[in-house]
Amino acid sequence: MSSSGTEIVRAFDWQWVLIGEDTSVLLLLELAFRTGIIFLWLLYLLRMTGKRGLAQLSPLELAIVIALGSAAGDPMLYPEVPLLHAMLVLTVVIGVHHGVSLFMLRSKRVEAFIDGSPIELVRWGVILDGSLARANLTREDLFERLRPVGIEQLGQVRRAYLEQAGSLSVFRFTDVDVLPGLPIVPPWDLEPPAALPAGFTGLVACQGCGRVQADLASACECGSLDWTAATTEPWANDPQAQGQ
């Protein structure tokens, strides 16, 4: 110890580098226990956050990335962290991962809890009741994921599923089978859906769920009071397109 109370790091003192000063078998067992508990808790928290932020990684895979990155990084940056401790943590993390993977292979319930299950979001152009809440998505999140795959209005969508890894699978109607639906272009933040003019006659689409009907009801089945014209060609009335 220095006079200021700061511990002096001993360069290339192999006992210090590998096992530290006060390492015992009991301490190593406690370290392994702590690592297992923290990893499982991290996995649980990732599972509870939903699929929105997983970005193609399952909760188990994301937990592995976070845990291994933290365990491997500390001994690289902090010389007071013994290598043996870090190596034990890495081994326990891989061991827990292997054990959880075996449980998932043998139990569908465990697999469903860890990785979740696909969630059907859209069927025949209508957002299913409660599906966005189960997927931890907003309506705008769904539209943002549909637009890059060429969806301009919900009537083009036969089925849409949020997969276990957070990706969106979209099954479209053929061009001849497309239904009138709720337009999702341009993005509503830039240009909200047009309000219905007085005396409008024609198909209307609920702005909440995309349900299409022939008459303007006071409220949709989903509870929304907002309606707009259902369409198969959202860009048909675009002034710039008409001027070309």
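In this report, the structure presented in the accompanying data block is examined.

## A few points about the nonpolar core
Ranked by internal contacts, the top residues of the largest apolar core, which has 28 residues, are Leu 121, Ile 127, Leu 142, Phe 143 and Leu 146. Looking at this core, the elements with two or more residues in it are β1 (119-123), β2 (126-127), α6 (131-135), α7 (139-146), β3 (157-162) and β5 (204-206). Ranked by size, the runner-up nonpolar core spans 13 residues in total, among them Ala 67, Ala 71, Val 93 and Val 100.

## Some points on the sheet that holds strand β4 (residues 168-172)
Note on sheets: strands pair through backbone hydrogen bonds, and any given pair is parallel or antiparallel. Spatially, four strands are ordered β2-β1-β3-β4 in an open sheet, and the strand pairing comes out antiparallel. Looking at which strands have only one partner, the edges of the open sheet turn out to be β2 and β4. Sheet topology places β3 next to β4; five bridges connect them, and they run antiparallel. Each residue of the ladder has a partner; that of Leu 162, found in β4, is Leu 168. Together, β1, β2, β3 and β4 form the strand contacts of α7, whose direction differs from that of β4 by roughly 65°.

## Concerning the pairing of β3
Relative to β3, β1 is paired through four bridges, and the arrangement is antiparallel. For Ile 119, the partnering residue across the bridge sits in β3 and is Leu 162.

## Digging into the sheet that holds β5
Spatially, the three strands line up as an open sheet ordered β6-β5-β7, and their pairing is antiparallel. Across the chains shown, the open sheet's two edge strands, defined by having one partner strand only, are β6 (212-213) and β7 (227-229). Sheet topology note: the β5/β6 ladder contains two bridges and is antiparallel. The residue of β6 that forms the bridge with Ala 205 is Val 212.

## A short note on the side chain of Gln 207
Along the chain, Gln 207 falls in the loop between β5 and β6. Exposure remark for Gln 207: the relative accessible area of 14% places this residue in the buried category. Here the side chain of Gln 207 touches Trp 227 through a polar contact of 3.1 Å, landing on its backbone oxygen. When sequence neighbours within four positions are dropped, the list of residues in contact with Gln 207 reads Arg 139, Leu 182, Trp 188, Pro 193, Asp 226, Trp 227 and Thr 228.

So, how was this worked out
Residues numbered from 1 in each chain as written. Predicted model: local features only at pLDDT ≥ 70, side-chain atom pairs only at ≥ 80, totals over all residues. Heavy atoms only, no water. Core = buried A, V, L, I, M, F, W, Y, C linked by side-chain atoms within 4.5 Å. Buried < 20%, exposed > 50% of the residue type's maximum accessible area, 1.4 Å probe, protein only. Helix = DSSP H or I, 4+ residues; strand = E, 2+ residues; numbered from the N terminus. Pairing = 2+ DSSP bridges. Contact = heavy atoms within 4.5 Å. Axes fitted to C-alpha atoms, helices over the stretch in contact; angles between N-to-C directions. Polar contact = N/O pair within 3.5 Å; in protein donor to acceptor, adjacent residues only side chain to side chain.

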